[in-house]
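# What the coordinates show
Here is how the chains run, residue by residue.
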Amino acid sequence: SKPIVAMGWLRRTKSGRGTSQPSSPGAGSARLSVIYGDDSRFDEEEGEFNVFYDACEAQLHPWASENGGLSCPPDILAQQRKCAMEMMKTAGRNLLKGKMNLISVSMPVKMFEPRSYLEKLTDVWVHTKYLRQAADTEDPVEQMRLIVAWFISGMQFVFLGFKKPFNPILGETWQGVSDSGLRIYVEQISHHPPISAFEADMPDGSFVFRGLSEPTASFSGKTVKTTAKGKRGVYFRDGSCIDITYPAYYLRGVLYGELRGELGGSAMFVNEKKGLQCEVKFGPYAEGSMKSFESRSDYFEGEIVPIEPEDHTPRLGESMIISNASGSWLSHLDWDGKRYWTLAEDEPDHFASLPEGEYVLPSDVRYREDLLLVERGNLDDAQTAKQKLEKLQRHDKKLRKANASDQ
């Protein structure tokens, strides 16, 4: 049978079987195999299992870690840790002893990607075809399946590049558009706590995705945990809405060892009007070797159940489970044994700022001086511009606080 080739790369082993390769140099240690059938479960050349052999035509992401989750490429990891050490030396002993507020430390721009958080926030939305399909179907269960497929298919981009975006300034905006015509509007509406408001819709009005994102981060040991509070929902023409609660994001190995990203906890999807709920749980289902599909940390399971719209309790007298999902956010998603998303086959949309000629607010991220300087490779001036903006923002905060106390 003909193999599915991930990322356009294929090498031939001595046995003639294909093994897909990472699409960029140093993309992690996980080996990816093309699945032909039962006889291809074992990699004769490497002498071990190296695929999700029980997931038909599924391939792991090129950066997938053998320990589960997404691994940071060595070249990016070396650069980030070098910058971190420079920052710690600059901050001095007080930082090492925990006597300095990390929020007040101006991080070097070398550690950042040349984008605002407002842009990065949309990275996980890029498989918009599932949103369009969900808007077109009249079956509420199928609609729920498609929304979950849209959500899961985007999770691979949570840790995209393993670099931090620039923090948005209060009142900063971003206006974007996708290949499929999705229009995107994002604004930073609060500084402390940081809250971003967003809306994405199609010109035909078939659906609107809107909500708030309030990210919080905590550090424990060598792991950073990030959660994004805030109400989010996909609204449809018939007046129904699927509310979405996001899982937690984990960066493990921040100080030493392998740096990798994982999802934890669960994501919740609720359609009150149609009386449906789906909980997707992330993490290993079975104990054992990481070569096993269900024992990987990027594995997930989910189920759609009927609920009472008023209090989200199970609907009595009905079958508890309507539909089951399983897969990995680094390879695929199946609903009741039917494939809905495959990483190696589905192409994401491309999101970009609104083109020249369309009206863009003066507060748009494209006008930020520090971002423009980073894009041009002028890091020293970019660092100065970033610190100037941070100082201005602290000054504005004092003015707002003073004005509030006078009223």
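Residue indices follow the written sequence of each chain, beginning from 1 at its first position. Restriction of local features to residues with pLDDT of at least 70 applies here, the model being predicted, together with a cutoff of 80 or more for giving and counting side-chain atom pairs; totals for whole chains, interfaces and linings are based on all residues. Only heavy atoms go into the side-chain values, all of them from the structure, while hydrogens and water stay out.

## Focus on the pattern of salt bridges
- Salt bridges are defined as contacts in which a side-chain nitrogen from Lys or Arg sits within 4 Å of a carboxyl oxygen from Asp or Glu. One pass over the structure, following the stated rule, counts 22 salt bridges.
- Overlapping salt bridges, with partners in common, bring together Glu113, Arg115, Lys120 and Asp123 in one network.

## Observations concerning a nonpolar patch on the surface
- Any residue with relative accessible area above 30% and no salt bridge may belong to a patch, with like charges joined within 9 Å and the nonpolar Val, Leu, Ile, Met, Phe, Trp and Tyr side chains within 5 Å. Throughout, the Shrake-Rupley method with a 1.4 Å probe supplies accessible areas, and for residues the shown protein chains are the sole cover considered. Taken together, Phe219, Leu255 and Tyr256 make up a surface patch of nonpolar side chains, about 350 Å² in accessible area.
- Inspection of the secondary structure puts tyrosine 256 in the loop between β15 (248-252) and β16 (260-271).
- A relative accessible area of 52% places tyrosine 256 in the exposed class. By definition, any uninterrupted DSSP run of H or I lasting at least four residues is a helix, any uninterrupted run of E lasting at least two residues is a strand, and each is numbered from the N terminus. Exposure categories follow from relative accessible area, calculated using a 1.4 Å probe and restricted to protein chains: below 20% of the type maximum is buried, above 50% is exposed, and the middle band is partly exposed.

## Quick notes on the nonpolar core
- Buried Ala, Val, Leu, Ile, Met, Phe, Trp, Tyr and Cys residues that are joined via side-chain atoms within 4.5 Å together make up what is termed a nonpolar core. With 75 residues, the main nonpolar core has Trp125, Ile147, Trp150, Phe151, Ile152, Ile244 and Phe269 as its most contacted residues.
- With nine residues, helix α5 (residues 140-154) is the largest single contributor of residues to this core.

## Overview of the packing of helix α4 (residues 129-136) against α5
- For helices, the fitted line uses only the C-alpha atoms of the stretch in contact; every axis is such a line through C-alpha atoms, and the angle between N-to-C directions lies from 0 to 180 degrees. At a minimum axis separation of 8 Å, α4 and α5 run at an interaxial angle of 170 degrees. Of the possible angle classes, the one that applies to α4 and α5 is roughly antiparallel. Of the residues in α5, those touching α4 at Tyr130, Leu131, Gln133 and Ala134 are Gln143, Leu146, Ile147, Ala149, Trp150 and Ser153. Relative orientations are named as follows: roughly parallel for angles under 35 degrees, roughly antiparallel for angles over 145 degrees, roughly perpendicular for angles from 65 to 115 degrees, and oblique for any other angle. The contact rule is simple, with two residues in contact once any of their heavy atoms fall within 4.5 Å.

## Description of the pairing of strand β11 (residues 207-220)
- Two strands qualify as a pair provided DSSP detects at least 2 bridges between them. The sheet contact formed by strand β10 (residues 195-201) and β11 spans six bridges and is antiparallel. Along β11, the bridge assignment pairs phenylalanine 198 with glycine 211.
- Hairpin connection of β10 to β11: five residues between the antiparallel strands, including glycine 205 at a positive phi of 70 degrees.
- With five bridges joining them, β11 and strand β13 (residues 232-236) adopt antiparallel strand pairing. For phenylalanine 209, the partnering residue across the bridge sits in β13 and is valine 234.
- Relative to strand β12 (residues 223-229), β11 runs antiparallel, the two being bridged by seven bridges. Directly across from glutamate 214, in β12, lies its bridge partner lysine 229.

As far as function goes, none of this settles anything; it's purely spatial.
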